[in-house]
Every structure is written in structure tokens, then in C-alpha cells.
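So you can see what is in the structure, the chains are spelled out below.
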Amino acid sequence: MFCTQDNQYVSPAVPGTAEKLNEILDSPRVKWKIETIRAVRKPGAIKLWASNVEFQKFCIKEAAKKKVGEAFKELTDEEKLVRWATALKESLPPLIFGARDFDETPLKKDPSRKMKRRVLAAIHLSGLFMFDVDHVDNPREIFERTQVEGFRWKVLFAHVTSSGEGLRLVCVAIPEIGNIADNQIELAKALGVTPDLSCIDASRISYAPMREDVYYLNEEELVNYYNEEFDKMYCEAYRKGCTEPTKAQENTKKILTNTNLTNLTNGCAQEKDSCNSCNSCSEEKDENFNYHGISYKTICEAWQTAQGGAPGVGDRHRTMLQMALDLRYICDNQPDMVARALKECRFVQDIIRERGEEEVRGVADTACERRMYKDIPKRMQEVLKSTGALSGETQRTERTMGTVNIPYEQYAERLEPLLSAPYAEACSGVSRHNWLGAVFVSGAMYCTLLTRCWYKHFNGAKQRMNPQALIIGEPATGKGFAKSLDDQIMCAMREQDEEVRAQETRYKQEQKKRGTSSKAQKQDALVEPEGMIRYLPTKTSNNIFFRRLKRAKEVVDGEVMPMHLYMFDSELDSSISAQSGGAWIGKHDLELKAFHNELSGVDYANNDSINDILPIFWNSVTTGTQVSLYKKFTPRNINDGLCSRVCIFPMETARYQMIKKKNVDWEANESMKQWGYRFEKLHGELPLERLTDHVYDLCEQSAQEAEAADDHVLDYLRKRAVFYATWLTIPRILARQYDEFKKTGKLDITDDDLKFSTLMYDAVIYFQDHFFGQMLQDSWDNAAREYVPRRRNTKNADAYKALPELFTAKEVMLMLDIENGAANKQCQRWMTHGFIERIKQGKYKKIIKDLMA
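I will try to describe carefully the structure that is included in this document. Computed from a predicted structure; not experimentally measured.

Considering the sheet that holds strand 17 (residues 468-472)
Each strand in a sheet pairs with another by means of backbone hydrogen bonds, the pair being arranged parallel or else antiparallel.
Argument step 1. With respect to topology, five strands assemble into an open sheet ordered 18-21-24-17-25, the strand pairing being parallel. Edge positions in the open sheet fall to strand 18 (535-536) and strand 25 (647-650), since each of these has one partner strand only.
Argument step 2. Pairing of strand 17 with strand 25 involves four bridges; the strand directions are parallel. Within strand 25, the position partnered with Ile472 by the bridge is Pro650.
Argument step 3. Sheet strands in contact with helix 28 (residues 587-594) are strand 17, strand 21 (565-569) and strand 24 (618-624), and its direction is about 115° off that of strand 24.

Considerations on the pattern of salt bridges
Argument step 1. According to the stated counting rule, one finds 35 salt bridges in the structure shown.
Argument step 2. Among the salt bridges present, the one from Glu409 reaches Arg432, with a minimum N-O distance of 2.9 Å. Placement of Glu409 in helix 20 (residues 408-415) and of Arg432 in the loop between helix 21 (423-427) and helix 22 (435-449) is noted, with a sequence separation of 23 residues between them.
Argument step 3. Note that Asp715 and Arg718 form a salt bridge whose closest N and O atoms lie 2.7 Å from each other.

Observations regarding the environment of Lys297
Argument step 1. Secondary-structure assignment places Lys297 in helix 13 (residues 296-306).
Argument step 2. The exposure class assigned to Lys297 is partly exposed, which follows from its relative accessible area of 29%.
Argument step 3. The spacing of Lys297 and Glu344 is 47 residues in sequence and 5.2 Å in space, taken between C-alpha atoms.

Considerations on unusual backbone geometry
Argument step 1. Of note, the amide linkage connecting Ala421 to Pro422 takes the cis form, showing an omega dihedral of 5°.
Argument step 2. With respect to the helices and strands, Pro422 occurs in the loop between helix 20 and helix 21.
Argument step 3. The backbone phi angle of Asp557 is positive, close to 50°, even though this residue is not glycine.
Argument step 4. Locating Asp557 in the fold gives a position in the loop between strand 19 (553-556) and strand 20 (559-562).
Argument step 5. Backbone geometry at Asn597 places phi at a positive 55°, although glycine is not the residue there.
Argument step 6. Looking at the element boundaries, Asn597 is found in the loop between helix 28 and strand 22 (599-602).

About the criteria used
- Residues numbered from 1 in each chain as written.
- Predicted model: local features only at pLDDT ≥ 70, side-chain atom pairs only at ≥ 80, totals over all residues.
- Heavy atoms only, no water.
- Pairing = 2+ DSSP bridges.
- Helix = DSSP H or I, 4+ residues; strand = E, 2+ residues; numbered from the N terminus.
- Contact = heavy atoms within 4.5 Å.
- Axes fitted to C-alpha atoms, helices over the stretch in contact; angles between N-to-C directions.
- Salt bridge = Lys/Arg side-chain N within 4 Å of Asp/Glu carboxyl O.
- Buried < 20%, exposed > 50% of the residue type's maximum accessible area, 1.4 Å probe, protein only.

This is how it looks when you write it as C-alpha cells:
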């Protein structure tokens, strides 16, 4: 007897029939799936299958999934094809040979409903067992060994697996040998092969074969066989989750060691006294399953302790996912290894007994598909420290985390197919690994020139573009590309400033003459030029800065709009040294406020002061060294928010190499200059609803990842990275549709625009985290240690909590050990604060349950 399901995830597991079995074996759909699985796994299969309609439908469906869609889009076509093959395999009809039936159990999503779910806790054993041998070249030869006279086990069903490289046998279990695992081990010895030991789970499914793959089928016995003796001996143990061998521990250990297949369910995860009644539990442990000498079981127990203990019913799935997200950092991001570590937990064993192993494997797969960060999450680091797994050897690991190799090539590969005007020209004179830096710099410049444009952010507010770009690198690493980009792109702004600067020069010269010539003093009073100057040098006094800011206004579409000021500095040290004196004093505050166009101003008594309050519209591009960067961003000021307001890029360092020779691309230079002029002429609202919805989803996904990994740094940085994901994408959208936007004011957001936006979002967070993440985390840890709230006296609160809902003044007197008069006064105070109400003289009722301590 055996059971079947139509779908392994949602269908009930019901007793199988001969009609159902034959229907499956002869199904054209099953045959097509198996043949497709084998075909797509051949080398070069993508060339034949890329245009397949079923494959394309699968890709569209996966890409649309909210949680894993973006990760799927990043896969190569070959990887997507492998995913499709796996999905086809998992959609084959499941057969459960170890079970003859299942009891009805409540559904996870709706406990009021019941179904025959495929879970160990509800199983009835059939007396059959499944035996798998994977990756063999001679499956028929192995099967023939079972047909020789005197072979101990009776085979009822034999077929090739869906991969075409494995053999599956369904045999009658021999109770004298032991449970399913014992029979599998002895059968493996008899055949001289290595078994798939994950089949020790009696509720494990077997994907159905096609008729052509069947070597042997004893249909009548397969449908009707039932060994009541075997069921009585082992059913209760299996229901408790005890699935490991009972009589062959040494052989098991030998097979595990020889085959490296150690991913077994830990059937003895219960407490020892409860396991004593279950003879099928093996006490054997794999001593090699550890991390830096500390067993994964110890690490998992420490993790649970840090979270307040084992989760209760209703919290177990979420807790298991959170644990998996942390464990993947010490499990090589391998789902099998994560699943195995999870099974060391008692609450996970409870889940397996109730719902089967599929949920655990699904959680491990989901966790390993999520994006990883370069550092082990802080929460997991604390757990590892508490267990001693972050000492000795791992100190070297921690040091390498700070100097992690930046994935320049990975970013370049993602960016290359998305490069288009105006960024393609900006990257033409820059080395491949520094393309992102060119995008950050040119994007900041183009956004400044688009100062007359705005869009609606996902919060509904009118949003302008306020980028601040920082390029960091050692001397002579090629940071000079930023100066070249500034020369070309910002030419339009400098030309607009030239006439007003000339007027100011003449005005100052005339002032000087009047100071030395009495004849000149008798002429008409000089009129100070009121024109707009927006391109500012670093050494600009605060007075001049506010004067430029106040005059930088223009009527756009009938509304007065502030224009962005702009600064470029090729040496970050210049602005840092200026902080000690007049030029830069107060500008750090302006850098912070510029990102959100917040208000600032001055009120001084001198006649030259611009006494006004103005919104700050100021963008900047700066290059410098890492030494100067850490002069600007220090532990003292790291929490002021500037580190999350800049898009920063580290130049690739190439030591002991000559800089590459290159020729000036005059055509690209002219193109960038023309884009600058064009963008200066654009104005009005940019319709970017699809883009802003996309960055909202990105930010929401990061919030979920940060919560799952307890990553406060990611949660902090994600909130402003969404702005750069939008701002840096706008120039490529406008460049593609420049004429159309000028005519109609409409923009079409493509899938490539969304991919580009995602890349910008990921890169901005990655590099901010690279430079500032550890400094932020350290500052928060230090603050948590230094700031400890004073614990108030809780005597009254404890007494109040201990009182019944209805109480008397006498009970208060006894609880607080005070006189009757003092007890009545205490009750009066509680009444005054609204904590209690009087029912009658001397008797009171609680309004609130507890007092705040």
C-alpha cells in the first residue's frame, strides 16, 4: 500500500490505487516533464530552449514574485534553465511508499479545517521502504543484482529516476533487520552502493516516473501489501520523529563518513527521558559538524537563548527563517548545510514531526536566495562570541572583513548592458572597474543642471534632485576623471555665470577707484550686480554663499523656483582645512540640510549680512583620499546623517602598475557638453510613478532583510538610498526621450530603467556600508553601553500588580506594609492618576492592569 498526492505542497495524501498509478505512469504530461528535465540539463541546452514558450512563461512568473523576483532576474539564462528543470521535477506527481495512510490534521493557515497532510506525526506505515541510488552509470545492472536467487529483499517496484542517472527501488521491509533506515543500510551493503540516506523519512515523496523508465512493477502487491507487524513496531516512533537506524549505528557512521552524506534528520533531538521510550533513536552524533571547533547545535542553542528562548507555536516559522538568515553566513550560504544546522534545534524537530521536512528545506532555500552582506550580522557575531567561535582563528577573519575585496567586476557586469546616453559617454574615458564612479559623478552634475525639474516622491511630496558625490582613492588612481567630466558637463553653468562674474569684477574695480579718487566719488552711486551665480569655488564665505543662494531664483512655469548652487573640489582636504577658518565655517550644517532642501539662514548685525531664512539648494562633487575622508567623517560626527546623504565610490587601487595610456575621446566630450546644455533647458514635472513605486519596493524589501538579520546599519542606510536610486536614473530616462518629453511632458519607464535603478540602490548602500558601516555600528554600541536608564523604585508598581482586580484598602496596607491611613492616601493617589476607581467606601477596582516602573 502507498499514498499519492496531486501536488506535494497543497494536496492531501490519500491511499493510492492501481488506476491512479497507471494513470500517472502513462501520463503524456509526466513523460514530457521528465524528458524536458533531462534535455535542459545537457551542456549548451540554452541555445535550444531559450525560445521555448513554457520556459518563457516560467521566467515571467518567477520574475514577478515579490520576494525573489529581482534575484531571479540577475541569474544567467543557464541558471534560469536549471531553476526551470528543478521546478518541473517538483511538479511531478508525488508517491509516498512508506505510508499506507495519514490521519487528518489541522491546516497551518486555517486550523479550523483538517486534511490528510503528509506529516510524520500523522503517518500509518505500510511496511514498504524506498531506496535511492544517485548519479550512477549502470542503474539496470544494480537492479539486476536484486533479481538473483536468494536475494533477501523483495522488490515491488524499480525505475530510473527523473534525472536519468539514478535508480529507485521500492522494497518490502524486514522487521527483524529493523526500521526503514536499518533496512536501507543493509540493502546498500548487499548491493555495494551508496544510498541517499535522506530517504529514512517514511513520509518522503518519490517523484513519479514515466512508463518507459520502469524496470519492474509488481502492481498487485504494491497496491495491497501491508505489514501490520512492522507498523505496530515502528509507527509510534516515526510519529515522534525518530527515524534514524536502531541497530546499525556503526554501519551508519561508516557509510556517512565514506559518502560525505551527513545531512540526516536528527531524530533524537528530544530530551533524553522522552527518547528513552523510543528505541529507534540513535545516539550517534557527527562530531565534525562544527564551526571553528564549536558544534552547530551549541551555536543554535546560544542563538535561541539570545532571542529569549525557544519560540512558541505561531512564532516558529518566523524564528526559523530568522535563524536561517543568520546561519547562512557560517554555512557557506549552502541550503543543505543551513537545513542541517536548523535540524539541531528542538523546535525545528517539532515542526518536522508535525509538518514534515519540506518546510525546513524551503526556509533554508529562501534564506540562501536573499542578498548577503560582507559582514556577519551583529546579532550573529554576538552569538559566536558567546560560544567562543569568534576567537583565535576567527580574529583573522574579522580583520579581513574590513578589507573585503570590492566586487568591481560584478558591478561592471551589471552596469555594462544598461549603459546608454548620457552615461555611456561619461564612462568612455574611465576604466571598466571605475564605471560606477563615473555614473555617480556625471549623475550628480546632470541632476544639478536639471534643477528646473521635479517629481513626486512616493510620500506624495514635491521632490527636487540633491545629490552629493564623493570619489575616494589613493593618489594617482585616476580620480582626475571627475575633473574632466566637470569641464565638459558643467560648461553650460559656467557660461551662464561668466557675464555676472564680469559685472561683479567691474563693480569691485569701480569701488576701489572711488576709494582713492575724489572725482569718482562725486559720480552716481554704484549699483551692485544682482545677477545669478551658481558655480561656486570651495573657498566661498558664508556671506557670499547665502547671497548666491538668495539670488539663485527663476520663474518656472509661473512659479518662483530656487536654483541649485554647485561646487566641485578635486581635493577633499581643501574643504577640511577650510573648516578651521572663515571659508567653511558653518557649511557642514548646510551640507546636511541640502539633501532635503531644509531651511537655514543668518541674522547678523553687520550691514553686509544677508538676514534671511532660505531653503538650501546646493549640490557638490568632491574627490579625495581615504585619509582625508576619515578626517571629515569621524566617530564624533558619524551619526549626524551626512554619511547616508552622500553617494561615495572607492577607486580601484592598482599598485606597482603604470597608468594606462589613452587618447581623448573628443566626440564623447562634445556629447557630454551638449547634454549639459540640453538638460539646462528642461523644466516641469517628471512623471516617474513607476520608478518611485519600484524604489519603494526596494526599500521595503531591505527593511524586511534588515529586520530578519537584525541589521541596524542596513535599516539606517536604505532610507536615503532610494533617493539616489531615483535621481541617478532620471538622466538616462530623459536622454532617451528628450524630444518626446519637450513636446508632450510624458516619459516611459522601461524594465532596463528599473534594473539601473536597482543597481544604483544596491551600489549606494554597499559603498556607504563599506566606508561607514562599522563606524556607525561601533558608535551605537558605545552609546548603548554609556547610556543606561536609571531603574526607578518599583515597590508600588509590584504591589499594584499583585493586587486582585477588586481590592480593599486593607489589602493595600498589607501589600505595602504601611498603616491604614497611608494605604487610604495611596489609593487616593491612584484614583487621582486614573489607575483605579472606587466601587464603594474602602473598595476599589483596577482600571489599568500594571503601573509603569
